[in-house]
2 protein chains.
Amino acid sequence: MADRPYHHGNLRAALLGEAERTLREQGIDALSLRDLARQAGVSHGAPRRHFEDRQALLDALAEAGFNRLADEVRAAIDGAGEDYQARLRAAAAAYVRFATRDAALLELMFGAKNAKNAKNANNAENANNAENAEPSGAVRAASERLFTTVGDLIRQGQQDGQLPPGDPGRLRLLLVATLQGIASLVTSGRVQDSQVDALVADTAALFTRSPR
Amino acid sequence: MADRPYHHGNLRAALLGEAERTLREQGIDALSLRDLARQAGVSHGAPRRHFEDRQALLDALAEAGFNRLADEVRAAIDGAGEDYQARLRAAAAAYVRFATRDAALLELMFGAKNAKNAKNANNAENANNAENAEPSGAVRAASERLFTTVGDLIRQGQQDGQLPPGDPGRLRLLLVATLQGIASLVTSGRVQDSQVDALVADTAALFTRSPR
DNA sequence: ACCTGAACACCGTTCAAGT
DNA sequence: ACCTGAACACCGTTCAAGT
């Protein structure tokens, strides 16, 4: 039976998995390190060995979230056939699906930036960046996978003549913004499920218009 | 001198004002009812008379935020002259300015929805909407002022022939989504200040293109 | 009508100590 | 190398009691 096996073996993975579930089912306010430790059957101090503080756990969740989002969007594009508008719609639909299923996680992924700086406000060496923190390195790297995926879609559209020429980086930024904005309206309950299809279709149509 | 004047007179307004400042300067994690009470010079139980719980305070902040955002966007449009693209750019720029100055507040305005439902999960009478809560009535009403402002801009563009005809409601939703998406990238630190002008210009150009 | 202050059940974080 | 358990300083919320 082994009441307390190894040192739990893979506490880090267990904490992350349980955290993902709690986040999905009960929201971020219900996410506590002590509670996760309880569910994993370890003492409340144990998580410290794997996550320096609560923010480190949230960063790890955001990182995994970005990796999964990038994967799902890419898979949707790859499975959408040849028609370019259909590929755009598939990317947007996959993004919205992620937002619907993991609203709190997506908020977490695009949140942060504001919380931690307060501590360092009095700290002279960090005073210059006290109000413009960047996401942590690992989170940023994972979020760039999403940008790369969308960038590939943009480049393909320009090659096929379905998108206007010009700086692909600017178009990529605008498309990510649009996708994230739709997701933000969905997670905040300002878009009904019945409106999503139209919004996705309009997004694809908007980007494939020709300049006047 | 009057150490403790009336009953503080306008505790509600004082709490809201201080909360707005804390939110701006230190982020949402630093926002505590007990701390606000301390700064207002009242006991920690006093805020309860004006805000039933912490969420009620956050709702009031979000409500005020939406009213101010709608006002600022409308003022920017009204002050932008006759050129329609310039009016679009002014609206987008005002939105981004709000996001830059009050990042945490904007996140709060488009957040929520997920946190409160957990409590009612076991409650049979509320089981049906346990995973799709709407923003509180007052917040929703204030957020609709933003939608109305953007809707007026859309209608004007269609009348002037600067925007394609069709359901103005759909176009409005897409424009709000785009603005909120840009803001989300800004508040999460994924758009540099130097990229904002191009993004704003590209947004205006995108919407005023003609269908191919 | 508005506020106080004790009480309760939670947190995150720290750190000496164990295995 | 990993985990325990006491300790500390905070929370939000409740509620009898005061003015």
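Reading guide: rules and limits
- All residue numbers refer to positions counted from 1 along the written sequence of the respective chain.
- The order in which chains are written sets their letters, starting at A; the order in which ligands are written sets their numbers, starting at 1.
- With the structure being a predicted model, the display of local features is reserved for residues of pLDDT at least 70 and the display and counting of side-chain atom pairs for 80 or more, all residues being used for whole-chain, interface and lining totals.
- Side-chain calculation: all heavy atoms of the structure are included, whereas hydrogens and water are not.
- We place the copies in one frame by least squares, fitting the C-alpha atoms of every residue whose pLDDT is at least 70 in both.
- We call two residues in contact when some of their heavy atoms are within 4.5 Å.
- Once two parts are joined, some of their accessible surface, as seen by a 1.4 Å probe, is lost; buried area is that loss totalled over both.
- We define a salt bridge as a contact between a side-chain nitrogen of Lys or Arg and a carboxyl oxygen of Asp or Glu at a distance within 4 Å.
- Pairs of N or O atoms within 3.5 Å make up the polar contacts considered here, provided that, within protein, one atom can donate a hydrogen while the other can accept it, and that residues adjacent in sequence are counted only when both atoms are side-chain atoms.
- Helix and strand labels come from DSSP, where a helix needs a run of H or I of at least four residues and a strand needs a run of E of at least two; each type is numbered from the N terminus.
- Following the grouping adopted for this structure description, the nonpolar residues are Ala, Val, Leu, Ile, Met, Phe, Trp, Tyr, Cys and Pro, the charged ones are Asp, Glu, Lys and Arg, and the polar ones are all others, Gly among them.
- Every helix has an expected span of 1.5 Å times one less than the residues it contains.
- Accessible area is worked out with a 1.4 Å probe on protein chains only. A residue is then buried under 20% of its type maximum, exposed over 50%, and partly exposed in between.
- Within this scheme, the nonpolar core is defined by two criteria: the residues are buried Ala, Val, Leu, Ile, Met, Phe, Trp, Tyr or Cys, and they are joined through side-chain atoms within 4.5 Å.
- Two aromatic rings from Phe, Tyr or Trp, using only the six-membered ring of Trp, form a pair when their centres are within 6.5 Å; if the ring planes differ by under 30 degrees the pair is stacked, by over 60 it is edge-to-face, and anything between is tilted.
- What pLDDT conveys is the predictor's confidence in a given residue, as a value from 0 to 100.

1. Focus on the relation of the copies chain A and chain B
Part 1 of the argument: Rotating chain A by 180° about the axis while translating it 0.0 Å along that axis superimposes it on chain B, leaving an RMSD of 0.0 Å. Read as a symmetry element, the transformation amounts to a two-fold axis. Distance from the rotation axis, computed per C-alpha, reaches its smallest value in chain A at Gly 181 of chain A: 1.7 Å.
Part 2 of the argument: The overlap is high: 98% of the interface residues of chain A also sit at the interface in chain B, so the same surface is used on both sides.

2. Regarding the interface of chain A and chain B
Part 1 of the argument: The partner chain B presents 53 residues to the 54 residues of chain A that form the contact.
Part 2 of the argument: The contact between chain A and chain B buries some 4600 Å² in all, and 54% of this surface belongs to carbon and sulfur atoms.
Part 3 of the argument: Counting across the chain A and chain B interface gives two salt bridges.
Part 4 of the argument: The residue Asp 202 of chain A makes a salt bridge to Arg 170 of chain B at a minimum N-O spacing of 2.7 Å.
Part 5 of the argument: Summed over the shared surface of chain A and chain B, the number is 10 residue pairs in polar contact (both at pLDDT 80 or more).
Part 6 of the argument: For the side of chain A that touches chain B, the elements supplying multiple residues, two or more each, are α5 (103-109), α6 (137-159), α7 (168-187) and α8 (193-207) of chain A.
Part 7 of the argument: Counting residues per element, the side of chain A that touches chain B draws most heavily on α7 of chain A, at 13 residues.
Part 8 of the argument: Of the residues assigned to the side of chain A that touches chain B, the class counts are 26 nonpolar, 18 polar and 10 charged.

3. As for α7 of chain A
All names here are of chain A.
Part 1 of the argument: In this model, α7 (20 residues) spans 28 Å end to end at C-alpha, consistent with the 28 Å of a helix rising 1.5 Å per residue.
Part 2 of the argument: Most of α7 sits inside the fold, with 16 of its 20 residues counted as buried.
Part 3 of the argument: Here α7 starts with a cap whose side-chain oxygen sits 2.8 Å from the backbone nitrogen of Gly 169, and that cap is Asp 167.
Part 4 of the argument: Among the residues trailing α7, Gly 189 stands out with phi positive, at a value near 75°.

4. Comments concerning the pattern of salt bridges
All names here are of chain A.
Part 1 of the argument: One pass over the structure, following the stated rule, counts 22 salt bridges over all chains.
Part 2 of the argument: One salt bridge connects Asp 102 with Arg 68, and the closest N-O pair in it is separated by 3.0 Å. Of this pair, Asp 102 sits in the loop between α4 (84-101) and α5 while Arg 68 sits in helix α3 (residues 54-78), and the two are 34 residues apart along the sequence.
Part 3 of the argument: In this structure Asp 102 comes out as buried when scored by relative accessible area, which is 3%.
Part 4 of the argument: For Arg 68, a relative accessible area of 23% puts it in the partly exposed group.

5. Brief notes about the nonpolar core
Part 1 of the argument: Residues Leu 61 of chain A together with Leu 61 of chain B are the most contacted members of the largest nonpolar core, which totals 123 residues.
Part 2 of the argument: Once you skip the residues sitting within four places of it in the chain, Leu 61 of chain B turns out to touch Leu 16, Ala 19, Glu 20, Leu 23, Leu 31, Leu 105 and Leu 108 of chain B.

6. Some thoughts on the packing of aromatic side chains
What characterises a pair of aromatic rings is the spacing of the ring centres plus the angle enclosed by the ring planes.
All names here are of chain A.
Part 1 of the argument: Under the defined criterion, the tally for this structure stands at two aromatic pairs over all chains.
Part 2 of the argument: With a centroid separation of 5.3 Å and 70° between ring planes, the pair formed by Phe 66 and Phe 110 is classed as edge-to-face. Of this pair, Phe 66 sits in helix α3 while Phe 110 sits in the loop between α5 and α6, placing them 44 residues apart in sequence.
Part 3 of the argument: By relative accessible area, Phe 66 is classed as buried at 0%.

7. Concerning the environment of Asp 59 of chain A
Residues and elements named next belong to chain A.
Part 1 of the argument: Mapped onto the secondary structure, Asp 59 falls in helix α3.
Part 2 of the argument: Along the sequence, Asp 59 and Ser 136 sit 77 residues apart, while their C-alpha atoms lie 7.3 Å from each other.
Part 3 of the argument: Among residues more than four places away in sequence, those in contact with Asp 59 are Ser 136 and Val 139.

8. Re the side chain of Thr 22 of chain A
All names here are of chain A.
Part 1 of the argument: Looking at the element boundaries, Thr 22 is found in helix α1 (residues 11-26).
Part 2 of the argument: Judged by relative accessible area, which is 6%, Thr 22 ranks as buried.
Part 3 of the argument: When neighbours within four sequence positions are excluded, Thr 22 is seen to be in contact with Gly 27, Ala 30, Leu 31, Leu 36 and Gln 39.

9. Thoughts on the confidence of the model for chain A
Part 1 of the argument: For chain A, mean pLDDT is 88; residues scoring 70 or higher make up 84% of the total.
Part 2 of the argument: Low pLDDT, under 50, characterises residues 1-6 of chain A; the stretch is placed with one contact to residues that sit more than four places away or in other chains.

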